[in-house]
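Residue-level structure breakdown
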Amino acid sequence: MHQELILNKISNVLQATDDSLVDKIVATIDKANRIFITGAGRSGLVSRFFAMRLMHSGYKVYMVGEIITPSIQNGDLFIVISGSGGTETLLPLVKKAKSVGAQVAIVSMKGKSPMAEIADLVCQIGSGNENSFGIVHGMPMGTVFELSTLVFLEAIISHIVHEKGLTEEGMRAIHANLE
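Here the structure is a predicted model, which means the values were calculated and not measured.

**Looking at the sheet that holds strand E3 (residues 77-81)**
Here five strands make up an open sheet; going across it, the order is E2-E1-E3-E4-E5 and the pairing parallel. Looking at the sheet topology across the chains shown, the edges are occupied by strand E2 (61-63) and strand E5 (121-124). Here the average twist between neighbouring strands, direction ignored, is 20°. The pairing of strand E1 (residues 35-39) with E3 spans five bridges and is parallel. Across the sheet, the residue bridging to Ile37 is Ile79, located in E3.

**What to know about the nonpolar core**
Among the nonpolar cores identified, the biggest contains 34 residues, and Ile29, Ile35, Ile37, Phe50, Leu54, Ile79 and Ile156 are the most heavily contacted of them. Going through the elements one at a time, helix H2 (20-31), E1, helix H3 (41-56), E2, E3, strand E4 (103-108), E5 and helix H6 (143-164) are the ones with two or more residues in this core. Tallying contributions element by element places H6 first for this core, with eight residues. Residue contacts for Ile29: discarding those within four places in its chain leaves Ile35, Phe50, Leu54, Tyr59, Leu77 and Ile79. Counting 14 residues, the second largest nonpolar core, distinct from the first, contains Phe36, Val94, Ala102 and Ala119.

**Let's talk about H3**
A rise of 1.5 Å per residue sets the reference length of H3, with its 16 residues, at 22 Å; its end C-alpha atoms lie 23 Å apart and thus fit the reference within 8%. For H3, the set of buried residues is Ser43, Gly44, Val46, Ser47, Phe50, Ala51, Leu54 and His56. Contacts made by the buried residues of H3 are with H2, E1, E2, E3, H6 and helix H7 (168-174).

**Comments concerning the pairing of E4**
In terms of burial, E4 is a largely internal element, five of the six residues being buried. In terms of strand pairing, E3 meets E4 through five bridges, oriented parallel. Paired with Ile81 across the bridge in E4 is Val107. The parallel pair E3 and E4 is bridged by helix H4 (residues 91-99), and the resulting crossover is right-handed. When E4 meets E5, the two strands line up parallel, connected through four bridges. Paired with Ile106 across the strands is Val122, a residue of E5.

Rules and cut-offs
- Residues numbered from 1 in each chain as written.
- Predicted model: local features only at pLDDT ≥ 70, side-chain atom pairs only at ≥ 80, totals over all residues.
- Heavy atoms only, no water.
- Pairing = 2+ DSSP bridges.
- Helix = DSSP H or I, 4+ residues; strand = E, 2+ residues; numbered from the N terminus.
- Axes fitted to C-alpha atoms, helices over the stretch in contact; angles between N-to-C directions.
- Core = buried A, V, L, I, M, F, W, Y, C linked by side-chain atoms within 4.5 Å.
- Buried < 20%, exposed > 50% of the residue type's maximum accessible area, 1.4 Å probe, protein only.
- Contact = heavy atoms within 4.5 Å.
- Expected span 1.5 Å × (residues − 1).
- Right-handed = clockwise from strand over helix to strand, strands pointing away.

This is the structure:
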């Protein structure tokens, strides 16, 4: 029962998400010199999933906040995952990335937000109706956004894998081997 509830809710949100966003974000990723990714809280965990899979797909990717992350520059891409699009700790980072000429992509449940106003690309998850994410018993505080976003970003990776003809063996060769 609970699995079905979760899967149905995620499916409904993803059906309301614009299909053309996958091509748009992949084109933006492919044009970038380097990719910087961040999110806060559980959205930050989702951002790490995506960063790892982009790295496995052959992209040069950095997680914001890691001590080895270099400075972002013109020609780079900054991807921020924020359900609200207004996370106060992330908004200054969006402004900084934009000020140095980096492209900014926001993955959010809101098409209009402080981050969306700055972004070059807004990937709105769902219909934009906040009520579509509403409280679902057993799925507290943003779970619907986070899980829907995780599936959306995994679909982007699937698109890249198919588009570039990547193989499991090739991706595994890039996977960490100091675990």
